[in-house]
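Structural overview
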Amino acid sequence: THIITSPCIGTKDQACTEVCPVECIYDAGEMYLIHPDECIDCGACVPACPVSAIFPEEDVPAGEESFIPRNYEFFGA
Ligand code: SF4
Ligand code: F3S
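Time to look at the environment of Val-51. Its location among the elements puts Val-51 in the loop between helix 2 (45-48) and strand 4 (54-56). Its relative accessible area of 32% is what places Val-51 among the partly exposed residues. Filtering out sequence-adjacent residues up to four positions away, Val-51 remains in contact with Pro-7, Cys-8 and Thr-11.

Next up, the structure:
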């Protein structure tokens, strides 16, 4: 799956939701989060985000790891 990280908080640009072919990016309050069971890892959302908040799970930067469980747990996954 892909993971949305801290730069989304306070930004919520939503460009990612417009390019995602499976519409698996959901409003989670202060930020958007990606449903891990629905994401097909196409990568389209990564360059679409103006604040570079989205990463493949395996490439989440140091210090942003807490967003991995946050993306999973929001959907009960
Ligand atoms: Fe949607 Fe593709 Fe981004 Fe997954 S990687 S959230 S399927 S645009
Ligand atoms: Fe957030 Fe970037 Fe999408 S700011 S809503 S991850 S385009």
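With that out of the way, let us pick up the site of ligand 2. As a structural note, the neighbourhood of ligand 2 is formed by 13 residues, with Cys-8, Asp-13, Gln-14, Cys-16 and Cys-49 the closest of them. Of the residues assigned to the shell around ligand 2, the class counts are 9 nonpolar, 2 polar and 2 charged.

Rules used throughout
- The numbers attached to residues start from 1 for each chain and follow its sequence in the written order.
- For naming, the first written chain is A and the first written ligand is 1, with later ones following in the order written.
- A pLDDT threshold of at least 70 governs which residues receive local features in this predicted model, and a stricter bar of 80 or more applies before side-chain atom pairs are shown or counted, although totals over entire chains, interfaces and linings include all residues.
- Hydrogens are left out, water is left out, and the side-chain values use all remaining heavy atoms of the structure.
- Helix numbers and strand numbers start at the N terminus; a helix is a DSSP run of H or I with at least 4 residues, a strand a run of E with at least 2.
- Relative accessibility under 20% of the residue-type maximum defines a buried residue, over 50% an exposed one, and the middle range a partly exposed one, all with a 1.4 Å probe and only protein chains included.
- It only takes one pair of heavy atoms within 4.5 Å for two residues to be counted as in contact.
- Whether a residue is near a molecule or strand depends on its heavy atoms: if one lies within 4 Å, it is near.
- Three residue categories are used. Nonpolar comprises Ala, Val, Leu, Ile, Met, Phe, Trp, Tyr, Cys and Pro, charged comprises Asp, Glu, Lys and Arg, and polar comprises the others, including Gly.

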